[in-house]
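What follows is each chain in one-letter form.
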Amino acid sequence: MMIDTHCHLLREDYENVDEIISHMGNNIMIVCGTNPKNNLEVIELCERYPNIYGTIGFYPGELEGLTEKDFKLLEEQLQLPKIVGIGEIGLDYHYGQDNKSEQKKWFEKQIELAQKLDKTIVIHSRDAAEDTYEILKQHHIENNRVVMHCYSYSVEMAKKFTALGVMLGVGGVVTFHPDNTLSRVVKEIDIDHLLLETDSPYLTPKPYRGHKNEPKNVEIVAEKISEIKGISKEKVLFSTTSNAVRQFDLDIKVC
Ligand SMILES: [Zn+2]
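In short, a report on the structure.

Rules behind the numbers
Residues numbered from 1 in each chain as written. Predicted model: local features only at pLDDT ≥ 70, side-chain atom pairs only at ≥ 80, totals over all residues. Heavy atoms only, no water. Donors = N, O, S within 2.8 Å, 3.2 Å for Na, K, Ca; no water. Tetrahedral: all angles 85-135°; square planar, octahedral: opposite > 155°, others 65-115°. Buried < 20%, exposed > 50% of the residue type's maximum accessible area, 1.4 Å probe, protein only. Pairing = 2+ DSSP bridges. Helix = DSSP H or I, 4+ residues; strand = E, 2+ residues; numbered from the N terminus. Axes fitted to C-alpha atoms, helices over the stretch in contact; angles between N-to-C directions. Contact = heavy atoms within 4.5 Å. Core = buried A, V, L, I, M, F, W, Y, C linked by side-chain atoms within 4.5 Å. Left-handed = near helix turned anticlockwise from the far one by under 90°. Phe/Tyr/Trp six-rings, centres within 6.5 Å; stacked < 30°, edge-to-face > 60°. Lys NZ or Arg CZ within 6 Å of the ring centre and 35° of its normal. Salt bridge = Lys/Arg side-chain N within 4 Å of Asp/Glu carboxyl O. Expected span 1.5 Å × (residues − 1). Disulfide = S-S within 2.5 Å.

Examining the coordination of the zinc ion
For the zinc ion, the full set of protein donor atoms is His6 (NE2), His8 (NE2), Glu88 (OE) and Asp199 (OD), at a range of 2.1 to 2.4 Å. Taken together, the 4 donor atoms surrounding the zinc ion define angles of 87 to 173 degrees at the centre, an arrangement classified as irregular. Assessed through its relative accessible area of 1%, His6 is described here as buried.

Spelled out as structure tokens, the structure:
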């Protein structure tokens, strides 16, 4: 069994979402929302497919125009049984820092909501390692279930985040270069702290670069991790699946 812990399966990205989902067989997908509109699509997919769970939230790049009403609705939607987490939420300074305080405000508000409802926190963090770490530390997230999706920072930061109990999502980037930062993170960090993801439709692994990514490629990520760590693919799948079940508090038995 394998779990793609982070993918976006929106109608606007795929001609036939149902077909893409069928490629996963009985394997599990955790579909991620980023704004009020596509959060609804996530909820709909969770209702239609037994092997799909969802996380919903407000992405740092899409905060414009959000209101308190949206936040209230998010709180209600988070109570749905198959909505297992809040996210992706976080900080993204890649395109500038002029709305830094707005990003921090929504990030903290959503962390506090996750803590109130005991939901998993799914973090997007880009070019903002220090601020992300400080906010998590200030909020004492060691008592929560936290995932940092598409982990992209150093080995040193990975050690600091995992010490807080954060799980690191590893995706297609690990296949891009034989010795990139993420490969070093995968080598150094224990498998007990790693999760598989695709971030579909983005970040397609080698050798399918140039094509749209899809959840079934999560197996390629597992193969790459097995190669880097020198352990069997079965061991990678079993460990990462168990980690995901625990970190998202999923009601399934790992086999
Ligand atoms: Zn994503």
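Some details on the sheet that holds strand E6 (residues 146-148)
Here we have 8 strands laid out as an open sheet, ordered E1-E2-E3-E4-E5-E6-E7-E8, and parallel in their pairing. For this open sheet the edge positions go to strand E1 (3-7) and strand E8 (194-196), each flanked by a neighbour on one side alone. The average angle at which neighbouring strand axes cross in this sheet is 30 degrees, direction not considered. Judged from the 3 bridges that link them, strand E5 (residues 120-126) and E6 form a sheet pairing that is parallel. Across the sheet, the residue bridging to Ile123 is Met148, located in E6. Strands in contact with helix H9 (residues 233-247) are E1, E5, E6, strand E7 (167-170) and E8; relative to E8, the strand with the most contacts, it is inclined by about 100 degrees.

Concerning the nonpolar core
Counting residues in each nonpolar core, the largest one holds 69 residues, and the members touching the most others are Leu9, Ile121, Leu136, Tyr151, Phe161, Val166 and Leu168. The biggest single contributor to this core is helix H4 (residues 100-117), with 6 residues. Core analysis: the second largest hydrophobic core is formed by 13 residues, Ile28, Tyr53, Val84 and Phe248 among them.

Overview of the packing of H4 against helix H5 (residues 129-138)
Orientation of H4 relative to H5, taken along the N-to-C sense of each, is 35 degrees, at an axis distance of 11 Å. In the packing of H4 onto H5, the handedness of the crossing is right-handed. Residues Lys100, Lys104, Phe107, Glu108 and Ile111 of H4 form the contact with H5, whose participating residues are Asp131, Thr132, Ile135, Leu136 and Gln138.

Observations concerning the packing of aromatic side chains
As enumerated under the stated definition, the model contains 5 aromatic pairs in all. Both rings, one in Tyr151 and one in Tyr153, keep their centres 5.9 Å apart while their planes meet at 90 degrees; by these two values the pair is edge-to-face. Pair check on accessibility: Tyr151 and Tyr153 agree, each one buried. Sitting over the face of the ring of Tyr53, Lys82 holds its NZ or CZ atom 5.4 Å from the ring centroid.

Digging into the pattern of salt bridges
Think of it this way: side chains of opposite charge can pair up when their charged atoms draw near. Going through the model one piece at a time under the given rule, you end up with 16 salt bridges. The partner of Asp131 in a salt bridge is Lys100, and the shortest N-O contact between them spans 4.0 Å. Taken together, the residues span a long stretch of sequence, with Asp131 in helix H5 and Lys100 in helix H4 at a distance of 31 residues. A single salt-bridge network, built from bridges that share partners, covers Arg11, Asp18, Glu41, Glu44 and Arg48.

Regarding the pairing of strand E2 (residues 28-32)
Of all 5 residues that make up E2, 5 are buried, and the element is covered over most of its length. Of the two faces of E2, the one lined by Ile28, Ile30 and Cys32 and the one lined by Met29 and Val31 are each fully buried. Where E1 lies against E2, 3 bridges are found, and the strand directions are parallel. Each residue of the ladder has a partner; that of Cys7, found in E2, is Val31.

Details of H5
The set of residues buried in H5 consists of Ala129, Asp131, Thr132, Tyr133, Ile135 and Leu136. In the core, the buried residues of H5 are packed alongside strand E4 (83-92), H4, E5, E6 and helix H6 (155-163).

As for helix H8 (residues 218-229)
Here H8 contains 12 residues, and its C-alpha end-to-end distance of 17 Å stays within 8% of the 16 Å for a straight helix at 1.5 Å per residue. Inspection of H8 places Val218, Ile220, Val221, Ala222, Lys224, Ile225, Ser226 and Ile228 among the buried residues, and these make up the whole buried set. Those residues of H8 that are buried lie in contact with E1, E7, helix H7 (181-188), E8 and H9. Phi for Gly230, located one or two positions after H8, is positive at around 65 degrees.

Topic: the state of the cysteines
Per the stated rule, a full pass over the model turns up 0 disulfides. Residue Cys32 stays outside any disulfide, its sulfur separated by 8.5 Å from that of Cys7, the closest cysteine. For the unlinked cysteine Cys150, the closest cysteine sulfur is that of Cys32, found at 11 Å.

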